[in-house]
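# Summary of the model geometry
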Amino acid sequence: MTPTKFPTQFLWGAATASYQIEGAWNEDGKGESIWDRFSHTPGKINNGETGDEACDHYHRYPEDIALMRQLGLKAYRFSVSWPRILPAGTGRISEAGLDFYDRLTDALLAANIEPFITLHHWDYPQALFEQGGWINRDNLPAFADYAAVLAKRLGDRIQRWTTFNEPGVIAWNGYADGEHAPGEKDIPKAMQVTHNLMVAHGLAVQALRGVDPKLEIGIVLSQWGVDPASDDPADIAAADHAWNAGETAFLHPLFTGHYHPEMVEALGEKFPATRPGDMALIAQKLDFLGINSYSRSVISASQGRLSPIPGSEYTEMNWEVCAPAFRRVLNRINNNYRVPPIYITENGAAFPDKISPDGHIHDERRLDYLRQHFTQVRLAMQDGVDIRGYFVWSLLDNFEWAFGFSKRFGLIHVDFETQKRIIKDSGLWYSHVISTNTVE
Ligand code: IFM
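Here goes a summary of the coordinates provided. Every chain begins its residue count from 1, and numbering advances along the sequence as written. Local features in this predicted model are restricted to residues whose pLDDT is 70 or higher, and side-chain atom pairs enter the listing and the counts only when it is 80 or higher, whereas totals over whole chains, interfaces and linings include all residues. Hydrogens and water are ignored here; the side-chain numbers use all heavy atoms of the structure.

## Here's the deal with the site of the ligand
Around the ligand sit Q20, H121, W122, N165, E166, Y294, W319, E346, W393, E400, W401 and F409, and that is every residue in its neighbourhood. Under the rule applied, a polar contact is a pair of N or O atoms within 3.5 Å (in protein, one hydrogen donor and one hydrogen acceptor; residues adjacent in sequence only if both atoms are side-chain atoms). Within the contact set of the ligand, an oxygen atom lies 2.8 Å away from a side-chain nitrogen or oxygen of Q20. Here an oxygen atom of the ligand and a side-chain polar atom of W401 are 2.8 Å apart. Coverage of the ligand by the protein chains reaches 95% of its 280 Å² of free accessible surface. Grouping the constituent residues of the shell around the ligand by class yields six nonpolar, three polar and three charged. The criterion for a residue being near a molecule or strand is simple. One of its heavy atoms has to lie within 4 Å of it. Shrake-Rupley sampling with a 1.4 Å probe provides the accessible areas, and residues are treated as covered by the protein chains on show and by no other component. Note on residue classes: Ala, Val, Leu, Ile, Met, Phe, Trp, Tyr, Cys and Pro are nonpolar, Asp, Glu, Lys and Arg are charged, and everything else, Gly too, is polar.

Given below as structure tokens:
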């Protein structure tokens, strides 16, 4: 394979999220989140597991930053637990919570690693949920207030801020299929949450800029490829419709100021209530766009979504490995919208890892997955997509939501009994990619 060189300033990183790694679920005055409540509810999580301890990163962050240094990461994307900062979601601020992220930020900077912050990666305050959660419009300003609290405290040291991680997952998995907290199954509600999250995003952008107009602000969207099953025009039209009606729910309002007409038509009476001024609030200028992408769906006009695809490899999440789809979806986004610079904010793979007798984790399949996806992203850059950085999901094996600890995405293996960490072969390979800026 020909070596693929990346630009000098390319920001190589790894990503995590608060609930998935921190643990310390009720320490130092932290409030309860909907994920604490959900994981403590019998039957919701595989094997009854919880994020109560997770990777114990709350206590072990110095060790984890030392590992990041060993990997040579240039940036680290993490999220903040909102109820650690505001135990009831609004009102009283917890200094101990702020102190934790202060220490984390300072330690990252001391290690020469750029902190790349996400305000909300799903661990919503339970107290706010009990007042109507994301459905209640009166709750939306609380997100902006929380954003301002954090920006006042960390904005002098953190340059790049994202509002939400994968708002579509909050709405769909939390409110439509119920697999995630808060576990509701109500499609019209999920659609209202979709719109309300966008309004909350707009309010938070205003709040962050109000604290410091120099902050760079973005949002992280999950955008998987959508490919037609064949070259048949009917399949191509079906795939285009699946994209327009289903996958543009956030891209379209953010970058055009309205919802895609095919989505509006498909939703019919389920289309959410909006208020005058909402769309302008949502479509405020962003400094960058975060894209999370792992796989694709394949659409046939006659059979709908096809799966499995014969001959394809699948990860342990049952997600097809199809790196060229990554290049295609990045081009599609770039061609359809006037987007700001893009960061790949998540990409990676879960495979069943084993510690070998030699003490190492020879995770060839993950390494190969990453190699293929890095290469396709480089090709997308050559196609003209302005991509500035790449965060592998994930730094550590961690709590994979409803799957508990059964799916390992880490560059670093975690023994959840002892909390021992071991850098996997994919992590060692990644550190070589970073130090040479080249994928071989
Ligand atoms: O673990 C999740 C993460 O929280 C959000 N994006 C997808 C990852 C893998 O499922």
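## Observations concerning the pattern of salt bridges
Salt bridges, as used here, are contacts in which a Lys or Arg side-chain nitrogen is within 4 Å of a carboxyl oxygen on Asp or Glu. For the structure shown, the criterion picks out 34 salt bridges. Among the ionic pairs, D36 bridges to K30, the shortest N-O distance being 2.7 Å. Relative accessibility under 20% of the residue-type maximum defines a buried residue, over 50% an exposed one, and the middle range a partly exposed one, all with a 1.4 Å probe and only protein chains included. Judged by its relative accessible area of 0%, D36 falls in the buried class. Put simply, E95, D99, D102, D106, R153, D156 and R157 are held in one network by salt bridges that share partners.

## Quick word on the sheet that holds strand β7 (residues 225-228)
Pairing between strands requires that DSSP locate at least two bridges from one strand to the other. Strands here are runs of E lasting at least two residues and helices are runs of H or I lasting at least four, both read from the DSSP assignment and numbered beginning at the N terminus. Pairing is mixed across the open sheet formed by three strands, whose spatial order is β7-β9-β10. The open sheet has two edge strands, β7 and β10 (304-306), and neither has a second partner. The average angle at which neighbouring strand axes cross in this sheet is 40 degrees, direction not considered. Note on contacts: a residue pair is in contact if any heavy atoms of the two residues lie within 4.5 Å. An axis is simply a line fitted to the C-alpha atoms; with a helix, the fit covers only the stretch in contact. Between two such axes, the angle follows the N-to-C directions and lies from 0 to 180 degrees. Taken strand by strand, helix α10 (residues 233-247) contacts β7 and β9 (296-300), and its axis lies near 155 degrees from that of β7. Relative to β7, helix α14 (residues 323-336) is tilted by about 105 degrees, and along the sheet it contacts β7 and β9.

## Details of the pairing of strand β12 (residues 387-393)
Most of β12 is tucked away: six of the seven residues are buried. Looking at chain direction, strand β2 (residues 11-15) and β12 are connected through five bridges and run parallel. Of the residues in β12, the one forming a bridge with W12 is Y390. Of the pairings in the sheet, the one linking strand β11 (residues 342-346) to β12 comprises three bridges and is parallel in character. Bridge assignment links I344 to a residue of β12, and that residue is Y390. Once you follow β11 into helix α15 (residues 364-383) and on to β12, the crossover reads as right-handed. Here a crossover is taken to be right-handed if, once the strands point away from the viewer, the path from the first strand over the helix to the second is traced clockwise.

## Observations concerning the environment of Y337
Its location among the elements puts Y337 in the loop between α14 and β11. In this structure Y337 comes out as buried when scored by relative accessible area, which is 6%. Considering only alpha carbons, one finds Y337 and L251, 86 residues apart in sequence, at a separation of 8.1 Å. The residues contacting Y337, other than those within four sequence positions of it, are T248, L251, H252, F255 and T256. For Y337, the side chain forms a polar contact with the side chain of H252, separated by 2.6 Å.

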